[in-house]
Amino acid sequence: MTCFPKDISFRYTWRSYQKRILDGLEEHLKNGQLHLVAPPGSGKTVLGLEVMLRINRPTLILAPTLTIKQQWASRFTDMFLNSEQQPDWVSTSIKKPAFVTITTYQALHALFNEVDKHQQDQVLDTVETLQENGTEMNREALDQEGKNSDEQILPSEAEEVINKLKELSIHTIIFDEAHHLRVAWWQCAKDFCAMLNNPTKISLTATPPYDVNPQEWQRYIELCGPIDEEISVPELVKHGELCPHQDYISFTTPSKEEAAKLREFRSHASRLKSELIQNETFIELIVNHPWVTKREVYIEEILSAPGYYSSMVIFLRASGQPVWKEALKLLGLKENDTPELSDEWLEELLNGIMFKDKNIDTEIPELVQLQKQLRRTGMIERRRVYIRSTPTFDKMLVQSSSKLDNIGSILEFELSVLQDKLRMVILTDYIRKENMPAHEDDLKPLNRLGVVPIFEMIRRSIHESGEKTAELPIGILSGSLVVLPLSAAVLIKQIADERGILLSYKPLAHDAKYITLDIRDSNRSAIVAIVTEVFSRGGVQVLIGTAALLGEGWDAPSINSLIMASYVGSFMLSNQMRGRAIRTDQNNAEKTGAIWHLACIDTNTADGGEDYASLSRRFRSLVGLSVKNETIESGIERMDIVRGQDMTLHFVEAYNEETLHRAKQRNLLRERWNHAAALNKSMTEELKMPSEKVPKPFTYHHTVKAVMIFAMFLAVGACSDAVMRPQLLYSDAPAWFKLSIVAIISAVIAGPWFYKAIKMYLRHHSIERSFRETAFTLYVALYEMKQMNQLPNIDFIRSEEKEGIVVCWLDSGSTQEKTIFLNALQQLVDPIENPRYLLYRESRQWFVTRRDYYAVPDEIGRRKEQAERFAELWRKHVGPIELVYTRTSEGRKTLLTARTKALSSMFIKKSERISAWR
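Keep in mind the model is a prediction, meaning the values are calculated, not measured.

## Quick word on the pairing of strand β16 (residues 593-600)
Point 1. Taking burial as the measure, the eight residues of β16 include eight buried ones, the bulk of the element.
Point 2. Burial of the side chains of β16 extends over both faces: G593, I595, H597 and A599 are buried on one face and A594, W596, L598 and C600 on the other.
Point 3. Relative to β16, strand β8 (residues 245-252) runs parallel, the two being bridged by eight bridges. Note on β16: the bridge partner recorded for T252 is C600.
Point 4. Examined bridge by bridge, strand β15 (residues 561-565) and β16 share four bridges and lie parallel to one another. Considered in β16, the bridge of M564 is made with H597.

In structure tokens:
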């Protein structure tokens, strides 16, 4: 077989955005790649199949799980072949490759490693992913998911399978959920492509790994190619391909026990701080530190750790040591600009002394005693000192028992709104089988999140409630535990019989109203499908499961309420989980979706604690409807939470009350989405920053004023000179004529300066206009470096200012160009790290001298001539500036001052990348 049968075609009508992509397919495939980004439910699978047919060559399709692999096979037979039978030229086993082979990344990885390690590698890879994003996943759930892979490949079979694949001359490779192409899977996919002769690669994903490190992103793009097309959520809602939906945040505060532990910890921290600033031995240690006594000698070491050196200076000031003023001079700060000794600075100091500083002898008795004290009070974990909160406390809040009660409250609320139409899924990370009671009287305390604790909390609540709630059918669906209501047993058997599946079950040990299904490797996928259909038909209204099993690739369009009781803060996993609830339902044309996010707020910290920080990271990339405005964007601000919000108990209570009020208005969601979507036409990535970070004040308030004053003096001088001339003074001409001559002469002489002042005013008369000039300067520099293709035009750059926040975006160019531009712009306005070149400006306002520093973006600063050209453009479009090379002795000192200035404002609001419908 060398090509597809001629009678194969898509049975349905292409959606408008699908047709757009297919119409441009020839152009996209010129480089042998198509990289498509589209949300769950947008039809990526059928698009991939159509592209495969049009290329018309032997194909390998790679999917991350068995469930998704089977979806590819069923979509092809149902929607293209109009048949229930899979033809023999389509194979779902890599051991028996055919013209079209559908398999898993695990199987390909096992093949190339010649050993059956795919289960372990999948688990490790997933754990690495989550740990990089500050969270963990239930190992048991992952072990079960590891079993959800393709057939085992023995070392003796590997060479034979590879030879079969070569004989087939596979040309087209489809990477489904391509964001999984990380670490081991990326390597085996790359090796397989290298084995082929110029293959065509089709990469499909809902969540490109934007939040990985630059090296991983580069590898991802190297394999999949630049993003060619992106189908946005608003576009899909607008065309009815995704349902109108809304995110909601529900806050809790720590339980009494959790709050007591935090109070005790912070009491220890407060006493420690008071003791240290009076501890003569500790003070002498810092006073005599070589960085303090021989600052110039250790400049390179100090530059490598400016935060640590700054913490020394700040501590010396707090402890009343005069030497701090001399030490401060190296930082280039004024005495009044020196911060107070906060918990953050004390953390920085103690970490340097205890674990990083080679100049400190940590074996001296006083430091040994101090380390014991820190360990005893729980302030040291994994060779790091914590004064504000520890990873243990962060985890405690993330898993706070208060969230269990909160889940119950949300369920009760949603049930009151949707009643028997409710189809709720609760996703969490741990199964916690040990919390399952052994018998009816074994009611173990529920004090942490997990599948079983959530199930038990709801089950007990149902048992204690009235008759109406007692009818609510709930269940569990995870890789190793399935619990369903006995009332659904008939429906379960009926669906299983229809599929030819034999199931066995037994009563739940502590409650005969529920049954547990017997799960084996051979029937796991079938059980997931059966339970999904039971859920869709209403046999179960509330389903509790693991994010590992149901967070990606699980297709249950009936979900209309999702509680994300998961610790995930990363873009990829959060978006995949959220995607379960936003699909349209053919059986419910009026479906709307509610996605509930939980966070336990530490009200004794200004920033709300780590759980809120994780939630904020999650929302950076979750595009949705603003709860207040007619806008569609990402970022926590769209949830009516302003940047730097003081997370007090009063705020938490008021916000939760307002959230429930909004959530009652489901009937308005469709209208609000339609109206917001109609206002604009496409998604664009933006840079969002506080207005004080914009360079505008340094040109407008000083330069423009100076130019105007100079022009006025010049005009007065010209006027005086003209008046004093005898020919004009003693002539018989009328007075008005004399004055007109003087005015004309003055205007001619001062004209160029007035022109310059007016021009600068027009450029910088508003924050957003001023920032456009800065961004335009950057665009011109990148264009001259051939990073941008279109001729510079300031109209390409858009900006808005509202309530002290400036937003900037590029309104033209490819996705890659926009990414390069915003990366460079972000480096320019964010706190200084370690650039090769700096832009330095010194300006006076009355009797105050102000110094400001900007990093020359890495893309520009790699070469001297590029950096110099950028500084030249800056002077032309923005204002006076000095270019500083930071790799000289003087340059390093300037860099230290710049970095310390950023560090001295540790709570400085950094810029933020968001997406918005424009």
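## A closer look at the environment of D441
Point 1. With respect to the element layout, D441 can be found in the loop between β9 (424-428) and α22 (451-464).
Point 2. Taking the C-alpha atoms as reference, D441 lies 7.7 Å from H510; in sequence the two are 69 residues apart.

## Observations concerning the pattern of salt bridges
Point 1. Enumeration over the complete set of coordinates arrives at 49 salt bridges.
Point 2. The salt bridge involving D640 is made with R662; its shortest N-O contact spans 2.9 Å. A residue pair is termed long-range when its members are at least 10 positions apart, and D640 in the loop between β18 (632-633) and α29 (649-663) and R662 in helix α29 qualify at 22 residues.
Point 3. Classification of R662 as buried rests on a relative accessible area of 12%.
Point 4. Among the ionic pairs, R869 bridges to E784, the shortest N-O distance being 2.8 Å. Linking R869 in helix α37 (residues 864-877) with E784 in helix α34 (residues 767-784), this pair joins segments that are 85 residues apart in sequence.
Point 5. Judged by its relative accessible area of 30%, R869 falls in the partly exposed class.
Point 6. In this structure E784 comes out as partly exposed when scored by relative accessible area, which is 38%.

## What about the environment of R11?
Point 1. Along the chain, R11 falls in the segment before α1 (16-23).
Point 2. Considering only alpha carbons, one finds R11 and N82, 71 residues apart in sequence, at a separation of 7.5 Å.
Point 3. Once you skip the residues sitting within four places of it in the chain, R11 turns out to touch D78, M79, F80 and N82.
Point 4. For R11, the side chain forms a polar contact with the side chain of N82, separated by 3.4 Å.

## As for the packing of helix α24 (residues 489-498) against helix α25 (residues 524-536)
Point 1. Remark: α24 packs on α25, axes separated minimally by 10 Å, with the N-to-C direction vectors making an angle of 130°. For the element pair α24 / α25, the angle class is oblique. Pair α24 / α25 crosses with right-handed handedness. Residues L491, I492, I495, A496 and E498 of α24 form the contact with α25, whose participating residues are I530, E533 and V534.

## Overview of the nonpolar core
Taken as a class, soluble globular proteins show a tendency for nonpolar side chains to be buried jointly.
Point 1. Counting residues in hydrophobic clusters, the biggest one holds 118 residues, and the most contacted among them are F76, I426 and I458.
Point 2. Leave out the neighbours within four places in its chain, and F76 touches F4, I8, L49, M52, L53, L81, W89 and V90.

## A word on helix α5 (residues 105-113)
Structurally, the α-helix is built with 3.6 residues per turn, so residues lying three or four positions apart point the same way.
Point 1. α5 sits mainly inside the fold: seven of its nine residues count as buried.
Point 2. If you check which residues of α5 are buried, you get Y105, Q106, A107, L108, H109, A110 and L111.

## Describing the environment of L236
Point 1. Its place among the elements puts L236 in helix α11 (residues 233-238).
Point 2. Separated by 197 residues in the primary sequence, L236 and P39 have C-alpha atoms spaced 8.5 Å apart.
Point 3. Beyond its immediate sequence surroundings of up to four residues, L236 is in contact with Y17, P39, S42, I231, E241 and L242.

## Examining the confidence of the model for the protein chain
Point 1. Of the residues in the protein chain, 84% have a pLDDT of 70 or more, and the chain-wide mean is 84.
Point 2. In this model residues 115-149 is a low-confidence stretch, pLDDT under 50, and it forms 80 contacts with partners more than four residues away in sequence or in other chains.
Point 3. Every residue in residues 697-703 scores below 50 in pLDDT, and together they form 21 contacts with partners more than four places removed in sequence or on other chains.

## Describing the sheet that holds strand β6 (residues 200-205)
Point 1. Taken together, seven strands build an open sheet; the order of strands is β3-β4-β2-β5-β6-β1-β7 and the sheet is parallel. Of all the strands in the sheet, just β3 (90-91) and β7 (229-230) have a single pairing partner and so form its edges.
Point 2. Bridge analysis of strand β5 (residues 172-175) against β6 gives four bridges, and the strand direction is parallel. Residue pairing across strands places I173 opposite K201, the latter belonging to β6.
Point 3. Against the sheet, helix α3 (residues 44-55) makes contact with β1 (33-37), β2 (59-63), β4 (100-104), β5 and β6, and its axis sits at roughly 170° relative to β6, the strand it touches most.
Point 4. Relative to the sheet, helix α4 (residues 66-79) contacts β2, β3, β4, β5 and β6, its axis offset from that of β4 by approximately 160°.

## What to know about the side chain of T65
Point 1. Looking at the element boundaries, T65 is found in the loop between β2 and α4.
Point 2. Looking at T65, the relative accessible area reads 12%, which means it is buried.
Point 3. Among the polar contacts made by the side chain of T65, one reaches the main-chain amide nitrogen of I68 at a distance of 3.2 Å.

Thresholds, definitions, all that
- Residues numbered from 1 in each chain as written.
- Predicted model: local features only at pLDDT ≥ 70, side-chain atom pairs only at ≥ 80, totals over all residues.
- Heavy atoms only, no water.
- Buried < 20%, exposed > 50% of the residue type's maximum accessible area, 1.4 Å probe, protein only.
- Helix = DSSP H or I, 4+ residues; strand = E, 2+ residues; numbered from the N terminus.
- Pairing = 2+ DSSP bridges.
- Salt bridge = Lys/Arg side-chain N within 4 Å of Asp/Glu carboxyl O.
- Contact = heavy atoms within 4.5 Å.
- Polar contact = N/O pair within 3.5 Å; in protein donor to acceptor, adjacent residues only side chain to side chain.
- Axes fitted to C-alpha atoms, helices over the stretch in contact; angles between N-to-C directions.
- Parallel < 35°, antiparallel > 145°, perpendicular 65-115°, else oblique.
- Left-handed = near helix turned anticlockwise from the far one by under 90°.
- Core = buried A, V, L, I, M, F, W, Y, C linked by side-chain atoms within 4.5 Å.
- pLDDT = per-residue confidence, 0-100.

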